[in-house]
Every structure is written in C-alpha cells, then in structure tokens.
Amino acid sequence: MTTPRTGDPELDRALAEMAARTAELEEVSRLLEETRGRGESAGGQVVVELKPTGSLAGLRIDPRAMRLGSQALADAIVEAFRRAEDDVAGQSYDLARTVFGA
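What this report covers is the structure whose coordinates are included nearby.

Rules and cut-offs
- Residues numbered from 1 in each chain as written.
- Predicted model: local features only at pLDDT ≥ 70, side-chain atom pairs only at ≥ 80, totals over all residues.
- Heavy atoms only, no water.
- Helix = DSSP H or I, 4+ residues; strand = E, 2+ residues; numbered from the N terminus.
- Rg over C-alpha atoms; globule rule 2.2 N^0.38 Å.
- Buried < 20%, exposed > 50% of the residue type's maximum accessible area, 1.4 Å probe, protein only.
- Contact = heavy atoms within 4.5 Å.
- Areas by Shrake-Rupley, 256 points an atom, 1.4 Å probe, with all protein chains shown as cover.
- Lys, Arg positive; Asp, Glu negative; His and termini not counted.
- Charge placed at Lys NZ, Arg CZ, Asp CG, Glu CD.
- Pairing = 2+ DSSP bridges.
- Axes fitted to C-alpha atoms, helices over the stretch in contact; angles between N-to-C directions.
- Core = buried A, V, L, I, M, F, W, Y, C linked by side-chain atoms within 4.5 Å.

**Remarks on the overall build of the protein**
- Scanning the protein from N- to C-terminus turns up 2 helices and 3 strands.
- For the protein, the N- to C-terminal ordering of α and β elements is α-β-β-β-α.
- For the protein, whose C-alpha radius of gyration is 21 Å, the value lies well above the compact-globule estimate of 13 Å for 102 residues.
- C-alpha atoms of the protein, sized along the principal axes, occupy 75 × 25 × 15 Å.
- In the protein, buried positions account for 23% of the 102 residues.
- Expressed as a percentage of contacts within the protein between residues at least 6 apart in sequence, the contacts between residues at least 24 apart total 49%.
- Put simply, the protein shows about 6900 Å² of open surface, and 56% of that area lies on carbon and sulfur atoms.
- One way to put it: in the protein the 13 positive side-chain charges average out to a point 7 Å from where the 18 negative ones average out.

**What to know about the pairing of strand 1 (residues 37–41)**
- Burial of strand 1 is one-sided: the residues G37, G39 and S41 facing one way are buried, the residues R38 and E40 facing the other way are not.
- Counting the residues between successive antiparallel strands, the hairpin from strand 1 to strand 2 (residues 46–50) contains 4 residues, one of them, A42, with a positive phi of roughly 50 degrees.

**Examining the sheet that holds strand 2**
- Sheet architecture is open: 3 strands sit in the order 1-2-3, paired in antiparallel fashion. Edge positions in the sheet fall to strand 1 and strand 3 (56–61), since each of these pairs with one other strand and no more. Strand after strand, the sheet turns through a mean of 10 degrees between neighbouring axes, direction not considered.
- Across the sheet, helix 2 (residues 70–100) touches strand 1, strand 2 and strand 3, and the angle it forms with strand 1 is around 150 degrees.

**Focus on unusual backbone geometry**
- For A42, which is not glycine, the phi torsion reads 50 degrees and is therefore positive.
- Note that A42 resides in the loop between strand 1 and strand 2.

**Brief notes about the nonpolar core**
- The biggest cluster of nonpolar side chains holds 8 residues, and these are V46, V48, L50, A65, L73, A76, A80 and A84.
- Elements supplying a minimum of two residues to this core: strand 2 and helix 2.
- Among residues more than four places away in sequence, those in contact with V46 are G39, E40, S41, L59, R60, A65, L73, A76, I77 and A80.

Remember, this is a structural readout, not a statement about activity or role.
As structure tokens, this is what we get:
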C-alpha cells in the first residue's frame, strides 16, 4: 500500500507511521484468526481446541474416555477446555506483545 503524499513532511511522516501500524495490526488480526488453543486432560483422552474468541474449534474424545463415567468425562472436558483457554490466551498475548512491545 502506498502512503499518499501531502507535501507537508510532518504530516507525510505521521501518515506513513499510521500506515505501517495499520499493516502490523492487520497481520496480528490475521494471525489471531489462525490461532488455536489446545488443552488436554485424562491422559490425552480428551482434547479441546479453541479459537481466540473462545468458540470451540475442535473436540476429540478418545473411545477409552467413555469408561471414565459421565461425571469424570464432564470434568475432563471442562479441564481440557480451561487448559485450551489458557493456551489461546497466552498465544494471543504473545502476538499482541510483538506489536505493542509490552
């Protein structure tokens, strides 16, 4: 993308900086859309994948997990979900940190 020239050096510099920052933010947005958090529990028998928005991207329940019983399986799903939340939050934070230098 070409930054328009105004003839005012200070304004041109500000517009160029804004264009560069916008490009960085667009890249972070694209990377965030591709990011998936992953959480496992019950010895890997339950795997949850989340998008940064918190929506479910995937759920895998190994057939062996059916032997856990309904409450233990429910607990394992919740635990895997929590771990996936932590994972996607950490990845999102790291991406934002690279742009904002925090």
